[in-house]
Amino acid sequence: MDERYEEETKEKAPLNFLERIIEDDLNNGRVPDNTIVTRFPPEPNGYLHIGHIKSICLNFGLAQKYQGRCHLRLDDTNPEKEDVEYSDSIKRDIRWLGFEWEPYEYHASDYYGQLYEIALQLIKDGKAYVDSLTGEQMKEYRGTLTEPGKNSPDRERSIEENLRLFEEMHAGKHPEGSYVLRAKIDMASPNINMRDPVLYRIKFASHPRTGDTWCIYPMYDFTHPISDAIEGITHSICTLEFEDHRPAYDWATSIDGIEHAPHQYEFARLNINYLVMSKRRLLQLVKLGIVDGWDDPRMPTISGIRRRGYSPESMKDFVSRIGVAKVEGVVDYSLLEFCVREDLNKRAKRLMVVLDPLKLVIDNYPEDQVEYFEAVDNPEDPNSAVHQIPFSRELYIEREDFMEVPPKGYHRLYPGNEIRLKYAYYVTATEVVKDEEGTIVEVHCTYDPTSRGGATADNRKVKGTSHWVSASEGVTIEARLYDKLFLTEYPGQKTGNYLDDLNPDSLKVVTDAKAEPEILKAQVGDYLQFIRNGYFCLDNKTGKTELPAFNRTVTLKDSWAKLKQKMGV
RNA sequence: UGGGAAGUCGCCAAGCGGUUAAGGCUCUGGUUUUUGGUGCCGGCAUCGGGGGUUCGAAUCCCUCCUUCCCAGCCA
């Protein structure tokens, strides 16, 4: 009825700058076959981390949105650092996120032959030369940020000589470091990347894919743009630090004979506070044994995230919420947690698990009786299944849920107070049993048989509801309580050493948590909520050995903890 | 001091000469609740500074300031 309303609901979500470019290109016929082609080009020299998720979602997402395609290209031009172990993990991680590249899987090494031919052509055209400067000398000749560089003495070497030398490099006749092939561009360029960049270096290293076929390997600035061109990439999206390389990219895609000219666009990489993301630091955490491996649940690697219990859907949602721009910012860790909680709240099966057990004895409950209560698997789901929970005279409740002398605002169990045991009965604490040291070892209470199911006919209210586990029927599990790996927003900012900011309590292992028997049905990959404690998942490594181990994905929001802190309790 | 880029709420981020300057997270009031969870309702910025153009500027121009990236035979 209201046209304006109609229009508003039809209104498109705002486009990010890349979508705008693509739509503009599409609308102006600048895209061959009207099919955009992107690529995700990781170097197989480490595990993918959460920062890569942004790039993956961008490249695959854009291709999906505009009905194009996205290639997976392993950028393997440095055999010294790369390994198939990494390639395998990269593929596993992309698939986990729900993206598929088949049949478009490529390797930069697929193009070594073509790259070599192009290099030869460049030499013949007088656009590249073999340089014998040492690394040290090259640095000197390169100049500085403010001073121009100067030409290498080899810059005017004859084409024949260059050809001969390059072929000899290829044939393995020269040792590593003796020669490189350089582009002849401009040693006085204000852009250092254009001061005759190295195209090829000699490396007598065995390549994971090409073995010992090559002893010269092409550099990124040469390989990447040409790989893009060969594959028909239309939009080559990378991070901001490559902005300075765009002229080199354009130089390479303008080489005679290269028909398709893709374009490079740069976006700001993802930064999240309280996290370290560089491959160097992640590798160090693994090597120093600070974490359990690349897939330690505290690691921001995709494999760590997966083991921690984060869902791929929540990660994609996270990426879509942070947006895409050229501003280098730092996203709040709280947004990440929000996305995980939001998704898990909708899908996690609820279970009662007591992490810090305190025995609760119901004095007026029949000694050997066991009765069952029905629990909803997921109250967020109107069609949720249900399961049964055994109840008995002796139970465990969370130690935090009882206090002998409660502070103001505490409405859990304390002497004389009545609370609800979720799904079961109302109980009132009557007596406390302590050991010699004065620690509470047992709480006694009485229950109201008419409150069966957790409500009474007189409709009287209780302020607290606790979860519980039957002492006789419950099972013991291991729970790994993960917290942030770092204590500060920007690890290392103060001392210069990020290891100084490690959180000593980033992992607490509880080996005597008590759970309702239903937990034994949990499978790897299931999303669980331990009621009032947080989201958990069965660890995907230890599986079910003696003690099933569960990893805490994230806690529930805890406004009581916040209140307590504010009151200074 | 060379080149490249960026500056809109505590954090992301829309906005593209005329809007009460979207939205999300955080924070914060209230409400619902057999999870102190969830849900629901509400609160929270004049756009890095200064000039100018214009009837009108976050949006255009000038200038200053701040931050980030670049001197691997890494990617």
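In this text the structure is predicted, and so the values were computed from the model without any measurement. (Residues numbered from 1 in each chain as written. Chains lettered and ligands numbered in written order. Predicted model: local features only at pLDDT ≥ 70, side-chain atom pairs only at ≥ 80, totals over all residues. Heavy atoms only, no water.)

1. Side note on the protein's contact with RNA strand B
As a matter of local geometry, RNA strand B sits amid 68 residues, with Arg20, Arg321, Val330, Gly453 and Ser559 nearest to it. When atoms of RNA strand B within 4 Å of the protein are sorted by moiety, sugar and phosphate together comprise 66%. Here valine 330 contributes a backbone N or O atom positioned 2.6 Å from a sugar or linking oxygen of RNA strand B. Residue arginine 350 places a side-chain N or O atom 2.6 Å away from a base oxygen belonging to RNA strand B. Among the elements of the structure, α6 (135–142), β6 (198–202), α12 (312–322), α13 (333–347) and α14 (559–567) are those that each provide at least two residues to the surface near RNA strand B. (Near = heavy atom within 4 Å. Polar contact = N/O pair within 3.5 Å; in protein donor to acceptor, adjacent residues only side chain to side chain. Helix = DSSP H or I, 4+ residues; strand = E, 2+ residues; numbered from the N terminus.)

2. Observations regarding the pairing of strand β18 (residues 440–448)
Bridging between strand β12 (residues 357–362) and β18 involves 4 bridges; their strand directions are parallel. Opposite valine 361, over in β18, you have histidine 444 as the bridge partner. Pairing geometry for strand β17 (residues 426–434) and β18, over 8 bridges, is antiparallel. The residue bridging valine 432 from the neighbouring strand is valine 443, located in β18. Counting the residues in the hairpin turn of β17 and β18 gives 5 residues, including glycine 438, whose phi is positive at 95°. (Pairing = 2+ DSSP bridges.)

3. Observations regarding the environment of phenylalanine 373
Residue placement: phenylalanine 373 occurs in strand β13 (residues 370–376). On the basis of relative accessible area, phenylalanine 373 is assigned to the buried category, the value being 3%. Spatially, the C-alpha atom of phenylalanine 373 lies 6.6 Å from that of alanine 424, the residues being 51 residues apart in sequence. Once you skip the residues sitting within four places of it in the chain, phenylalanine 373 turns out to touch His387, Gln388, Ile389, Phe391, Tyr423, Ala424, Tyr425, Arg452, Gly453 and Trp468. (Buried < 20%, exposed > 50% of the residue type's maximum accessible area, 1.4 Å probe, protein only. Contact = heavy atoms within 4.5 Å.)

4. Here we look at the pattern of salt bridges
Here the structure, examined in full by the defined rule, presents 49 salt bridges. Across the pair aspartate 228 and arginine 39 runs a salt bridge whose closest N-O atoms are separated by 4.0 Å. Remark: arginine 39 occurs in strand β1 (residues 37–40) and aspartate 228 occurs in helix α8 (residues 220–231); sequence separation between them is 189 residues. For the pair shown, aspartate 228 and arginine 39 are each scored as buried. Here glutamate 161 and arginine 164 are joined by a salt bridge, their closest N and O atoms 2.8 Å apart. Remark: arginine 164 and glutamate 161 occur in helix α7 (residues 159–170); sequence separation between them is 3 residues, near one turn of the helix. Each of Asp292, Asp295, Arg307, Glu478, Arg480, Asp539 and Lys541 takes part in salt bridges that share partners, so that together they form one network. (Salt bridge = Lys/Arg side-chain N within 4 Å of Asp/Glu carboxyl O.)

5. Comments concerning the nonpolar core
Core analysis: the largest hydrophobic core is formed by 37 residues, its most contacted members being Ile50, Ile53, Ile56, Ile94, Ile272, Met315 and Phe318. In terms of residue count, the dominant contributor to this core is helix α3 (residues 50–65) (6 residues). Dropping the residues within four chain positions of it, isoleucine 50 is found in contact with Leu270, Ile272, Leu275, Met277, Pro300, Ile305, Met315, Phe318 and Leu336. In this structure, Tyr111, Met169, Met194 and Ile202 belong to the second largest nonpolar core, which totals 33 residues. (Core = buried A, V, L, I, M, F, W, Y, C linked by side-chain atoms within 4.5 Å.)

6. Here we look at the confidence of the model for chain A
Confidence in the prediction of chain A, expressed as mean pLDDT, is 95, and 97% of residues score 70 or more. Scored below 50 in pLDDT, residues 1–10 makes 0 contacts in the model with residues more than four places away or belonging to other chains. Across the interfaces of the predicted complex, the ipTM metric reaches 0.97, alongside a pTM of 0.95. (pLDDT = per-residue confidence, 0-100.)

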